[in-house]
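# Chains, contacts and geometry: an overview
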Amino acid sequence: MRRAALAALALFTGACSSGTRSAEQDPFLWLEAVASPEASRWVADENRKTMAALGEDPRYAENLAKATALGESPQRLARPQIVGDSVFNFWQDKDHTRGIWRQTSVGGYETGEPHWTTVLDLDRVAEAEGKNWVWKGADCSLAAPNRCLVELSEGGEDAVTVREFDTRTRSFVPDGFALPRGKQDAQWLDEDTLLVSREWRPGELTSSGYPYIVKTLRRGQTLDSAAEIGRGQQSDMQESAAVLHDGDGGAVALLVRNPSFFESEYRLVAQDGTPKLALPPKSSLAGLVAGRLVVRLDQDWAVAGSTFASGSLVSLRLADLTADPAGLRPTLVWAPGPRDALHGVAVTRGGLIVSTLHEVSGRIAEYLPAADGSWSSKDVPIPELASADLLSAAPNSATAYFSVGSFLAPTTVWRMDAAAGTARPVVSLPPQFDATGLMAEQLEATSKDGTKVPYFVVRRNDIPFDGSNPTILYAYGGFGNSMTPSYSGVRGQLWLERGGVFVLANIRGGGEFGPAWHDAALKTNRQRAYDDFAAVGEDLVARKITSPRRLGIQGASNGGLLMGVELVQRPQLWNAVDIGVPLLDMLRYEQIDAGASWAGEYGSARVPEERAFLESVSPYQNLKRGVRYPAPFIWTTTKDDRVGPQHARKFAAKLASFGDPYFFYEVTEGGHGSGANIAQSAVTTALEYTYFQRQLM
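Residues numbered from 1 in each chain as written. Predicted model: local features only at pLDDT ≥ 70, side-chain atom pairs only at ≥ 80, totals over all residues. Heavy atoms only, no water.

### Brief notes about the overall build of the chain
Broken down by element type, the chain carries 15 helices and 38 strands. Against the 2.2 N^0.38 benchmark of 26 Å for 697 residues, the chain shows a C-alpha radius of gyration of 25 Å, consistent with a compact globule. Expressed as lengths along the three principal axes of its C-alpha atoms, the size of the chain is roughly 65 × 60 × 55 Å. For the chain, the proportion of its 697 residues judged to be buried stands at 60%. Taking all contacts inside the chain whose residues are at least 6 apart in sequence as the whole, residues at least 24 apart take part in 59%. Accessible surface computed for the chain: about 25,900 Å², of which carbon and sulfur atoms make up 48%. (Helix = DSSP H or I, 4+ residues; strand = E, 2+ residues; numbered from the N terminus. Rg over C-alpha atoms; globule rule 2.2 N^0.38 Å. Buried < 20%, exposed > 50% of the residue type's maximum accessible area, 1.4 Å probe, protein only. Contact = heavy atoms within 4.5 Å. Areas by Shrake-Rupley, 256 points an atom, 1.4 Å probe, with all protein chains shown as cover.)

Quick look at the structure:
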């Protein structure tokens, strides 16, 4: 719940004030009015045309049936959430369209066939209240684990309502905490107090659309009575609060100001004020363990006679930190090698579970603090070419869960017992496709500037190397997000089983090799990410795994921007381009929804040098009449209040004005995703694979 903008799976923004194009210069500006009657009619018409083409394709019905069956399968892995002594899970299926929040015991969960008790039925709530509620999560108090802050969204947008829920009575708390709709963040300070950042009065939001004022809200208080404890600036990205606990009863509350997406300023919430911590701007909080604040570094940090490398994990004694916030003395927990990256950190009672990458393969280890301030570690052996992703942990529990997944082996949930120092698999997903004769390998391409770019290939082991293999190339390449191996029944059934090849590229802009890999493609250096992706495509052709006729590309969000750039820069290299929930108008992205928050990633149209670069790569501006583009599939959602559907709409409309072929589809719900429920997501998935099969098979 905290730092909603950062957790929103990273995206982008910008603004072009002096250089903003007028409606006369941009004939499709009217499509930016998301809910206008004219724009809504245009969307409905485009959806009808796409469904008449892709939806009537003989392959679509089978694709939809398989995607729906996989999405509704009772054998799906239930993602665990540790709350007190129980395991909770949010679950959707054909009988629970909006979903249920349910509970079982730890032992029950690990049987693989637990007895679940429904705690909250979102379909019933939505029906009773006449709202199209979409689940956005629950944050439960450590002081009173039965009291949780439940986030609900109308239609899937990032803006949420927050309501206090009692898991024992299985009902919302009468006269409990209730925050009306908004982009907001709430943290439990104690069982009767919240630290809340929101739009307290109309207009009290940053240019990115996020809150910058934090207040203390006590039980029974009205919002007007909340007491302000922190205030950022409207030019910031946002300001919020963080409350961290350890397993020994220790706690620390901090104000977190984000001047930009990648910078943070931390202040202690103390009785005598909010003193600033002397942490580097590019750092983030990882947790509190045995009285030590654990911090992740995204820049080098020279302090107290030592230098800690970017990408490291360090700790600070809470007692020292509160006594002298300006005189910090960190201790190293973990440092990366040249081909390593920190992937995730979770706090247990007395220790840390740390997930890392080496050559883009997952590693997992437990770290324990020693009395002298140092840390010891114990590795957990997992397979090569796999990912290790943290699922759930709690500072008052010795139990933690993480998943191990690969392209061809079904995902398995592992339990870490922090007290015993042991880890073992407990629940595994049954096979969802026939992997017989399939293989995964890691290859390398050389980018334009000589950088080696790794990528994974999943294929049959007997494919002909004659350029005839239908291939989907996927990448993201932004915000330091790492793309790692994953198991997908949809990909397996709708693509791999049919002879298709899947490729995952680890291009710059991601975090696969730490902060430097991300920083290499920031702002005016972003062409490197686009060159990396094209280099992987060229390498696939050179190896005769595929050919431009059989090569399709896929990406969403920042990956959707990547797809748009590749469409306009290298139209001859692909025959299918799947552009999902994208940014495409990079001269106006700062003025659309949460766009302004991503200026640290893309640069700003207000800065002449950065504007010139944005203009040179912006897909919307660089679409040209008379160029033979492969017909793209462009999809978005009406309820996306992060990137917004405006980019996709205008891009499709411009192609239409040229008379160029394309497919456009807009889901009416789901926020920044493919739909608000299994059925909606299955439609989008079926359209995507039908499109690829038409274009490449």
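### Section: the state of the cysteines
In this structure the tally under the stated criterion is one disulfide. Put simply, C140 and C148 are joined by a disulfide, and their sulfur atoms are 2.0 Å apart. Its torsion about the S-S bond being 100 degrees, the disulfide of C140 and C148 is classed as right-handed. The burial state of C140 is the same as that of C148; both residues are buried. (Disulfide = S-S within 2.5 Å.)

### A look at the confidence of the model for the chain
Model confidence for the chain is summarised by a mean pLDDT of 95, while 97% of its residues fall at 70 or above. Here residues 1-23 is modelled with pLDDT under 50, and outside its nearest four sequence neighbours on either side it reaches 102 contacts, counting other chains as well. (pLDDT = per-residue confidence, 0-100.)

### Let's talk about the sheet that holds strand β30 (residues 422-428)
Hydrogen bonding along the main chain pairs the strands of a sheet, whether they run parallel or antiparallel. Here we have four strands laid out as an open sheet, ordered β27-β28-β29-β30, and antiparallel in their pairing. Each edge of the sheet is formed by a strand with only one pairing partner; in this case those strands are β27 (386-392) and β30. Here the average twist between neighbouring strands, direction ignored, is 30 degrees. One ladder, built from six bridges, connects β27 with strand β28 (residues 399-406); its direction is antiparallel. Note that in β28 the partner of S387 across the bridge is G405. (Pairing = 2+ DSSP bridges. Axes fitted to C-alpha atoms, helices over the stretch in contact; angles between N-to-C directions.)

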